[in-house]
Amino acid sequence: MSVPYTPWPQETAALYRAKGYWRDEPLTSVISRHTGKAALAPAILCGERRFRYADVERLSDRLACAFQARGLRPGDTALVQLPNRAEFHLVFFALLKCGAVPVNALNNHGAFELLAYARQIEPRVAVLARSHPLVAEDPAGERPGSLLAALGESVGLERVLLLDGAERTPEECLGGFAWADDAPLAATEGATPDPAIDPTGLAFFQLSGGSTGTPKLIPRTHNDYLYSVRQSVEVCGLDSSCRFLCALPAPHNFTLSSPGALGVFLAGGAVVMAGDPGPATCFALIEAHRVTWAALVPPVLSLWLEEAGRTDRDLSSLEIVQVGGAKLSAAVAERVAERLGCRLQQVFGMAEGLVNYTRLDDDDWTIVNTQGRPMSADDEVRILDPAGHPVAPGEAGELWTRGPYTFRGYYKADLHNARVFDADGFYCSGDLVSRTPDGNLIVCGRSKDQINRGGEKIDAQEVEDVLAGHPAVRHAAVVAMPDPLMGERSCAFLLAPSDTRPSELRRFLRERGLADYKLPDRFVFVTELPKTAVGKIDKQSLRDRLKRDAAQTIAEQTSVPA
Ligand code: OOB
């Protein structure tokens, strides 16, 4: 049995194999390829703990045996939500070794998101952190029941694995896991799992930022994902000397594969796990582990740049800071070299596939002002106007793409797939981009109904749908408002009585289990919402109103006498 997904056309797949992109190798080979002396090198540094490649291989084998003993079989699916700790990677590799296909939810996802994923994949197992507010008791009573109870309907408690918060050594590490029904893990030392990986099939699901109201899942195969990792390592020139700081959420496509932790494993380097991306935590880790690479979103970079001027920490080991996930302003980009003493690489990627990098030897203008160019010679990019015609060179248009690691369809989403793929298999990312004469892309906007809150994507319709369930709300329109630090924050325009309290609306959304980052930063109560000629809510005019407000505020601030 295998989990179904939209395949590439046969002749395209044959071409990708012939070109050596797809090698029918499992993703777990990024660990297992390190044998002999290389297996003794550190792979993951987490708190005081040091996991060598041999440890990651052995521990993920033992975990895989424990999953198999609980009946996990190829083609089953798994729901995982774990914090940035070594155990995230152990569980990921263990599930792959069982041929199971995980969804790795972000640690700040709420019950709303987790249940939406569970409904789509009907997981056979769930792996959760015992300390997570959704799992732990909820003294404040703000969260609905227990996630375990809700998940129990689809998973069954006998297949929920919980991880405690203790930092155990690699030898003791599996003692931190326990089945929710209290049975022992049953992970015998020295055991190897029954071979179960089909390297020609699906490896796992990536998460889509979404723009349609339901969180969408992106099937990623061993072949396409491993190619994207291998090609990223090549383009970024990673080798075994790399010490990579995993500061953003570990499951995110950027941190996992661009080149991310998997790229660092492939190259034989070490991944340093950070519990949060803030400069206090990260600068200490950079100093302690002589970190050479870090991947950040723009607001985190801004915090780092600010703190870099004040810190006593030794950041001299840093060679490259990659920034992606949201548009980086040229003004901030220009400060990287001077403040952090390292080079900048811009990364414009998407969980659906295509990843663009500025190259390390690009000229300064390109690195500061563009979001880079596709990493593969076989990435195909079309920039089209709304009628589907190529725009003139240098003009902005919608980005359509296909290639050896760009997916061909969201999971169980035929209607949506029909809208975002054309007949040739090109995927429309919903980004507005232009292309420089030397092929670099500049992101200039977005056509999808999404807010990019400092790299965290918010599906406007999803929040609107939940808000519409509140008795006081007759209609909701959620749009982006400019923000100096985050780039964008979210604002909800509501047809609702003006005495409705924002705190009550926030409580309502939290109670529905929506992730905190999706709660609107601002509520505006209106008696009418502007409409377009065809009668749809005119979101552009709402965005323009917020932009005018922001410009006005800046003008007022700058005209205040000293
Ligand atoms: C990355 O992946 P996702 O799936 O969270 O978000 C993809 C979207 C893009 O379609 C674009 O709208 C935006 O995030 N984005 C950027 C950007 N990088 C991503 N917008 C402007 N400038 C950039 N540099 O965010 C992601 C995946 C892999 C590598 C890096 C980022």
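Details of the structure are given in the entry above.
Attention here is on the structure that accompanies the text. Note that the coordinates shown come from a computational prediction; the quantities given were computed from them, not determined experimentally. (Residues numbered from 1 in each chain as written. Predicted model: local features only at pLDDT ≥ 70, side-chain atom pairs only at ≥ 80, totals over all residues. Heavy atoms only, no water.)

### A short note on the pattern of salt bridges
Inspection of every chain in the model, using the stated rule, returns 35 salt bridges. Taking the shortest distance from any N to any O, the salt bridge between Arg446 and Glu488 comes out at 2.8 Å. Taken together, the residues Arg446 in strand S20 (residues 441–446) and Glu488 in strand S24 (residues 487–495) connect sequence positions 42 residues apart. Residue class for Glu488 comes out buried when judged on its relative accessible area of 18%. A salt bridge links Glu504 to Arg507, with the shortest nitrogen-to-oxygen separation between them at 3.2 Å. One end of the pair is Glu504 and the other is Arg507, both in helix H17 (residues 502–511) and three residues apart, which spans about a single turn. Overall, Glu504 belongs to the partly exposed group, its relative accessible area being 26%. Shared partners join several salt bridges into a network, and the residues in it are Arg49, Arg85, Glu87 and Glu167. (Salt bridge = Lys/Arg side-chain N within 4 Å of Asp/Glu carboxyl O. Helix = DSSP H or I, 4+ residues; strand = E, 2+ residues; numbered from the N terminus. Buried < 20%, exposed > 50% of the residue type's maximum accessible area, 1.4 Å probe, protein only.)

### Remarks on the sheet that holds strand S18 (residues 397–402)
Spatially, S17-S18-S19-S20 is the arrangement adopted by the four strands of the open sheet, whose pairing is antiparallel. The open sheet has two free edges, formed respectively by strand S17 (380–384) and S20, since each of these has just one partner strand. Neighbour-to-neighbour, the strand axes of the sheet open up by a mean angle of 45 degrees, direction not taken into account. Note that strand S19 (residues 427–435) and S20 share five bridges and pair antiparallel. When the sheet's bridge partners are listed, Val433 is paired in S20 with Val443. (Pairing = 2+ DSSP bridges. Axes fitted to C-alpha atoms, helices over the stretch in contact; angles between N-to-C directions.)

Keep in mind these values describe shape, not function.
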